[in-house]
Amino acid sequence: MRYGTRRTVLGPSDLLYKMIAKITCRLARRVSAEAHRTTQVRRFLHGAYFRIQPSVQEALVEGRPVVALESTIITHGMAYPQNLSMAREVEKIVMRNGAVPATIGILRGQIHVGLTDEELQFLASSKNVVKVSRRDLPYVLSQGLSGGTTVSGTMIAAHKAGIPVFVTGGIGGVHRGGENTLDVSADLTELGRTPVAVVSAGVKSILDIGRTLEYLETQGVCVAAFGASRMFPAFFSSQSGFQAPYHVQDEEEAAKLIASTLELGLSSGVLIAVPCPQEKAASGQLIEDAIQQALSEARSKGITGKELTPFLLQKINELTNGKSLDSNLALIQNNARVGSGIAVALSKLQKATRKGSLPRRRDTTLPQPVVIGGINVDFIAKAQNSVILGGGQTNAGRVRRTFGGVGRNLADCLSRLGLTPLFLSAVGKDEHSESILHYCHHMDMSAILQLEGKSTATYSAMITSAGELSIGLGDMDIHQQITEQYVSQFKENLCQAPLVCIDGNVPLSTIQYICQLARDHQLAVCYEPTDENKASKPFLSDSWKALTYISPNLQELKAINRTLGNPLPAGIEHSEESVVLTLLISHNLERERAFSSPSPMSITLAYNIVGIHKQSWRLPPFSHLCVGRSAQARPMIDQGAQQA
């Protein structure tokens, strides 16, 4: 119906369609705004500003221990090539002790979590790289610069990547005379607001250790000395004259301390202070004399700010004839050994906690939503070259593994929103299932079927360099095990659920069972069609009348239309790039439940309700949620709202 300047009398059905159009236009606006915010987050974490090395990402997904390492010690702490050999040796120590090293640095405006040997060489040999703390990150990234991350910068990246343990030489602190200059390292405030455990040889001895410990207390940072003594170490020396608030005897005690901090949800970090090995520790008086001389020279030359610490360390090395550097290398290597042991112990502790809690059902007074659907392990291979070679030839490209499945995506999103649905699905007892259960540890996976002799569902996609799907292969037979018999065991949960979500992967008989239950108990059911071949399952009978929400894309909507025997509405283009792909048609379903099937008119309305371009987002659960991709989309949405 067209709306002009002439007054028009609207009937009940017209008013209904007007209401649907208005609701959908509002939905489109909200989706567009939300997608913009999502893009910014994803761009930082997985796009232009952030890159996780595949070996590190694999370890994180599988729950193996990972140790973050800083790069300022490479770029500003030692001269080339000693800095490079030190960095390589520290990574080897981490690997020998059972963990995966993740040296963090910034290359050409991108944060790298995990560096290749070529990237290590680049940072070690480059002259004009930046020392990057929290304040420097926005500028360095926006200008495409390269740099070494300080303790503060490394903590930020490690936390965003999900790495709880970080090893360094020594942290910054309150500089001597800081009560007058207010020269306080950003490392201390970062420890007060970023939940990462830092393993270091205490505070650099060029600083005011007493005031630094006081400042850490003010920031709410738990500080513990490592080993038999409670003495807080002084970087080059194991004796500082100050006691740490607490101490942990070994790696297992340190891991328990870190685990309790993480479980409490505190926003602050933990400092584990490890003394330099006694045989390599420098004489306290020798170091103190060198510090005083270096400080005097720095004052006379007017050296302040972030240039001060590198200058002092270099000068002290000269004044001690290299003894301070020997101690520096020894303490860094020792910290790597201890930190790796802590990361391994923490990983074991977290796995044991997950296994112990997995069989227990969530005790809650509020009814849970229930999600029924598939879990997939996705292998995505993207070709590097524009032409894919056939004939059995190997094509260069990048392969990555992700976890998906429409049902899993829905349950994941609801869990992150704090609703924690009961998730009903099936996996095999194979190499993939443990990784899935670890990745989904924040979800209620207590009811998942784990089946001997069955393979966890996998999907492999070959994508061209332009991003187009070339071929996809799926091994998803296990979804047929999400049977009516299995799901009916949770009838009480289903009948009390405020929302039941089901995807098209599950067998037809299970969908029909859920729809019948929804009729009998007035349940709200959301159906995600999944793909064109599965979309029509509820529409093969009158089961669809029990659905409250459905979110088809264009091809799925066409398939539903064909199943219902309705003709394709006139004027619908076949290109997915130029028409509406997604909408919630709950009001349509509500209107049509009184009839034997949805009318051609309501299907036409579903096709034409808003004219916006397609863009499918992989962020769960919006795998089929479509928003405007181009500048033309916004005027079309606004025009639709005005007409409504």
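Residues numbered from 1 in each chain as written. Predicted model: local features only at pLDDT ≥ 70, side-chain atom pairs only at ≥ 80, totals over all residues. Heavy atoms only, no water.

1. Here's the deal with unusual backbone geometry
Okay, so step 1: Look at the link from Y80 to P81: it is a cis peptide, with omega at 10 degrees.
Okay, so step 2: One non-glycine residue with positive phi stands out, namely L182, at about 60 degrees.
Okay, so step 3: Mapped onto the elements, L182 comes out in the loop between helix 8 (178-181) and helix 9 (186-191).
Okay, so step 4: A positive phi is found at Q522, a non-glycine position, where the angle reads about 50 degrees.
Okay, so step 5: Note that Q522 resides in the loop between helix 19 (508-521) and strand 21 (525-528).
Okay, so step 6: Residue classification places Q522 among the exposed residues on the basis of a relative accessible area of 65%. (Helix = DSSP H or I, 4+ residues; strand = E, 2+ residues; numbered from the N terminus. Buried < 20%, exposed > 50% of the residue type's maximum accessible area, 1.4 Å probe, protein only.)

2. A look at the confidence of the model for the chain
Okay, so step 1: Looking at the chain, the pLDDT average stands at 79 and 77% of residues meet or exceed 70.
Okay, so step 2: Between residues 1-10, whose pLDDT stays under 50, and residues either more than four places distant or in other chains, the model counts eight contacts.
Okay, so step 3: Between residues 357-364, whose pLDDT stays under 50, and residues either more than four places distant or in other chains, the model counts 13 contacts. (pLDDT = per-residue confidence, 0-100. Contact = heavy atoms within 4.5 Å.)

3. Some thoughts on the pairing of strand 2 (residues 66-69)
Okay, so step 1: Here strand 2 shows no split at all, with V66 and A68 on one side and V67 and L69 on the other all buried.
Okay, so step 2: With four bridges joining them, strand 2 and strand 3 (residues 100-107) adopt parallel strand pairing. Paired with V67 across the bridge in strand 3 is P101.
Okay, so step 3: Two elements, strand 2 and strand 7 (residues 165-167), share three bridges in a ladder whose sense is parallel. Looking across to strand 7, one finds that L69 is bridged to V167. (Pairing = 2+ DSSP bridges.)

4. Thoughts on the side chain of H175
Okay, so step 1: Tracing the backbone through its elements, the reader meets H175 in the loop between strand 7 and helix 8.
Okay, so step 2: In this structure, H175 is in contact with D183, L207, D208, L308 and T309, ignoring residues within four places of it in sequence.

5. Things to note about the nonpolar core
Okay, so step 1: Core analysis: the biggest nonpolar cluster contains 101 residues, and V56, I111, V113, I163, F232 and I272 have the highest contact counts within it.
Okay, so step 2: Take this core: its biggest share by element is 10 residues, from helix 14 (residues 323-357).
Okay, so step 3: Domain assignment of the residues forming this core places at least three in each of domain 1 (30-163) and domain 2 (164-353).
Okay, so step 4: Each residue touching V56, except ones within four places of it in the same chain, is listed here: V66, V100, P101, A102, V113, G114 and I163. (Core = buried A, V, L, I, M, F, W, Y, C linked by side-chain atoms within 4.5 Å. Domains from an automatic or database assignment.)

6. Some details on the sheet that holds strand 14 (residues 397-404)
Okay, so step 1: In spatial order, the strands read 14-13-18-19; together these four strands make up an open sheet with mixed pairing. The sheet is open, and its two edges are formed by strand 14 and strand 19 (469-475), each paired on a single side. Across the sheet, the mean angle separating the axes of adjacent strands is 15 degrees when strand polarity is ignored. (Axes fitted to C-alpha atoms, helices over the stretch in contact; angles between N-to-C directions.)

7. Thoughts on the sheet that holds strand 12 (residues 370-372)
Okay, so step 1: Sheet architecture is open: five strands sit in the order 15-12-20-21-22, paired in parallel fashion. Each of the sheet's edge strands pairs with one partner strand only, and the pair in question is strand 15 (422-424) and strand 22 (549-550).
Okay, so step 2: The sheet contact formed by strand 12 and strand 20 (residues 500-503) spans three bridges and is parallel. Looking across to strand 20, one finds that I372 is bridged to I502.
Okay, so step 3: Contacts between helix 15 (residues 406-416) and the sheet are confined to strand 12, strand 15, strand 20 and strand 21, with strand 12 contributing the most and set at about 160 degrees to the helix.
Okay, so step 4: Of the strands in this sheet, strand 12, strand 20 and strand 21 are in contact with helix 19, which crosses strand 20 at around 160 degrees.

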